[in-house]
Amino acid sequence: MIPETVAQVEPREQVILSAEQNTEEQYWRLQLAQSLRSTQELLRELQFSEQQVQQLSANDQGFSTLVPKAYVARMQPSNPRDPLLLQVLPQTAEAVSSSDFVADPLAEAEFNPTPGVVHKYHGRALLIAAGHCAINCRYCFRRHYPYHEQQRSRSQWQASLACLAVDANIEEIILSGGDPLALTNNMLFALIDEIEALPNVQRLRIHTRLPVVLPARITTTLCQRLQTSRLQIVMVLHCNHPQEIDAQVVQACLRMQQAGISLLNQSVLLQGINADTDSLCALSKKLFSAAVLPYYLHLPDQVAGTQHFFVSQQQGQALLRSMQSQLPGYLVPRLVKEEPGQPHKTLIPVV
Ligand SMILES: *Cc1c(COP(=O)(O)O)cnc(C)c1O
Ligand code: SF4
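From a predicted model like this one, the values you see are computed outputs, not experimental measurements.

**A closer look at the pattern of salt bridges**
Stage number 1. Following the criterion strictly, the structure yields 12 salt bridges and no others.
Stage number 2. A salt bridge links Arg44 to Glu50, with the nearest nitrogen and oxygen atoms 2.7 Å apart.
Stage number 3. Ionic pairing is found between Asp246 and Arg74, a salt bridge with its closest N-O pair at 3.2 Å. Highlighted residues: Asp246 in the loop between β5 (232–237) and α11 (247–258) and Arg74 in the loop between α5 (69–72) and α6 (85–88), separated in sequence by 172 residues.

Shown next, in the form of structure tokens:
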């Protein structure tokens, strides 16, 4: 029987699975449904005093709070500087405005040929597969994104994919969002079926934070579906701090590795969270112990409301140099930034 909370989240879903798989699917969807949806709830879960709860939640406005309990479980109780808490806690600094920090710094609105496709990179097309995430990150460049105008439905995917089918240059489809793994398996698998039917596509890349914030999402059914695909599957995790990787995250990654999925990570450099050599080196090593290679380290986009997270290019370069002095080359990510109108990320030289 499907628990009521899950049924409410996905009323359309009719999953027909074996009993064991069914339980696994229900479990992650229940976890998703039981995520904390207010800053006060989050702070009470972390045992802050009632006075601190009131003080620290005073900035809760606009981009709503959303955090799975599996992620909260890795935060240090009662620590207002916890690097995981700071990624999800609204701060007074979000209200600071500056002409250098704008709602759509990458001018993505201009790169949108059909609803659902952001067709931006040579040989690759990025598809907005889901309108929602399993967590709301305060630094996110999509915090001002008009998701409500980008609500995905199967018919819209079909329109987007029909547009890609006639483009022989597209070898790789990148599923992004929102978070593609926030979709139910039924929705996700239907999308993968259609991508597999595009003859020129060789690779499917999934950009996701779910394996990190809700590792129970990596179910047997999901791994089996990806393992049997004719496409090469690349999963790009978005993990920012070593404290985000616990035993469950490692286990989820190793399951994916066993299913033949290539695992990469991209992080965002965030002031006060991971902009120090120790955190970054520990992150690279911990990722590798979970079979994940560090891929990109992003300078933060200059998104309105995220100024307090900003890291300058000079600081980023200095951090990369010190990582290079401490780690083997394969554990040093590439330092990059996004620039509006550029068909790829800009690689920042580290000399
Ligand atoms: C950078 C980025 C891409 C393109 O990545 P490449 O690895 O440079 O091809 C696609 N999707 C997201 C979400 C990205 O951040
Ligand atoms: S798109 Fe990524 S960074 Fe942004 S809120 Fe979703 S999970 Fe967080």
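That covers the picture; the talk isn't over yet.
**Observations concerning the pairing of β5**
Stage number 1. For β5, a buried count of five out of six residues is recorded, marking the element as mostly surrounded by other parts of the structure.
Stage number 2. In this sheet, strand β6 (residues 262–268) lies alongside β5 in parallel orientation, the contact comprising four bridges. From the neighbouring strand, Leu237 faces β6, where its bridge partner is Asn265.
Stage number 3. The parallel pair β5 and β6 is bridged by α11, and the resulting crossover is right-handed.

**Quick look at the nonpolar core**
Generally speaking, a soluble globular protein has its nonpolar side chains buried in company with each other.
Stage number 1. With 73 residues, the main nonpolar core has Met75, Ile173 and Leu175 as its most contacted residues.
Stage number 2. A total of six residues in this core trace back to one element, the largest contributor, which is helix α8 (residues 185–196).
Stage number 3. Among all residues touching Leu175, those that are not within four sequence positions of it are Leu127, Ala129, Pro180, Leu188, Leu191, Ile195, Leu204, Arg205, Ile206 and His207.
Stage number 4. Listed in part, the 15 residues of the second largest apolar core include Ala275, Cys281, Leu327 and Leu335.

**Points about a nonpolar patch on the surface**
Stage number 1. A cluster of nonpolar side chains, contributed by Phe288, Leu293 and Tyr330, occupies part of the molecular surface with about 290 Å² of accessible area.
Stage number 2. Secondary-structure assignment places Leu293 in strand β7 (residues 293–298).

**A short note on the site of ligand 1**
Stage number 1. Looking at ligand 1, the residues that line it are Tyr121, Arg124, Leu126, Ile174, Ser176, Arg205, His207, Gln266, Tyr295, Tyr296, Glu338 and Lys345.
Stage number 2. For ligand 1, an oxygen atom lies 2.2 Å from a polar atom in the side chain of Arg124.
Stage number 3. Arg205 places a polar side-chain atom, nitrogen or oxygen, 2.8 Å from an oxygen atom of ligand 1.
Stage number 4. Alone, ligand 1 offers 390 Å² of accessible surface; in the complex the protein occludes 92% of this.
Stage number 5. The set of elements that each furnish at least two residues to the shell around ligand 1 consists of β2 (124–128), β3 (172–176), β4 (203–208) and β7.
Stage number 6. Considered class by class, the residues forming the shell around ligand 1 number five nonpolar, three polar and four charged.

**Focus: the environment of Val351**
Stage number 1. Looking at the element boundaries, Val351 is found in the segment after β9 (346–347).
Stage number 2. Taking the C-alpha atoms as reference points, Val351 and Gln317, separated by 34 residues in sequence, lie 8.0 Å from one another.

**A look at the confidence of the model for the protein**
Stage number 1. Per-residue confidence for the protein gives a mean pLDDT of 87, with 86% of residues at or over 70.
Stage number 2. Below a pLDDT of 50 lies the segment residues 1–15, which in the model reaches 20 contacts outside its immediate sequence neighbourhood of four places, other chains included.

**Digging into the pairing of β7**
Stage number 1. The element β7 is largely enclosed, with a buried count of five among its six residues.
Stage number 2. Where β6 lies against β7, five bridges are found, and the strand directions are parallel. From the neighbouring strand, Leu264 faces β7, where its bridge partner is Leu293.
Stage number 3. Since β6 and β7 lie parallel, the crossover through helix α12 (residues 277–289) that links them has a hand, and here it is right-handed.
Stage number 4. With three bridges joining them, β7 and strand β8 (residues 334–337) adopt parallel strand pairing. Looking at the pairing, Leu297 lines up with Leu335 of β8.
Stage number 5. With helix α13 (residues 313–326) bridging β7 and the parallel β8, this β-α-β connection has right-handed handedness.

Here is what the cut-offs are and how they apply
Residues numbered from 1 in each chain as written. Chains lettered and ligands numbered in written order. Predicted model: local features only at pLDDT ≥ 70, side-chain atom pairs only at ≥ 80, totals over all residues. Heavy atoms only, no water. Salt bridge = Lys/Arg side-chain N within 4 Å of Asp/Glu carboxyl O. Helix = DSSP H or I, 4+ residues; strand = E, 2+ residues; numbered from the N terminus. Buried < 20%, exposed > 50% of the residue type's maximum accessible area, 1.4 Å probe, protein only. Pairing = 2+ DSSP bridges. Right-handed = clockwise from strand over helix to strand, strands pointing away. Core = buried A, V, L, I, M, F, W, Y, C linked by side-chain atoms within 4.5 Å. Contact = heavy atoms within 4.5 Å. Patch = residues over 30% accessible without salt bridge, like charges linked within 9 Å, V, L, I, M, F, W, Y side chains within 5 Å. Areas by Shrake-Rupley, 256 points an atom, 1.4 Å probe, with all protein chains shown as cover. Near = heavy atom within 4 Å. Polar contact = N/O pair within 3.5 Å; in protein donor to acceptor, adjacent residues only side chain to side chain. Nonpolar A, V, L, I, M, F, W, Y, C, P; charged D, E, K, R; others polar. pLDDT = per-residue confidence, 0-100.

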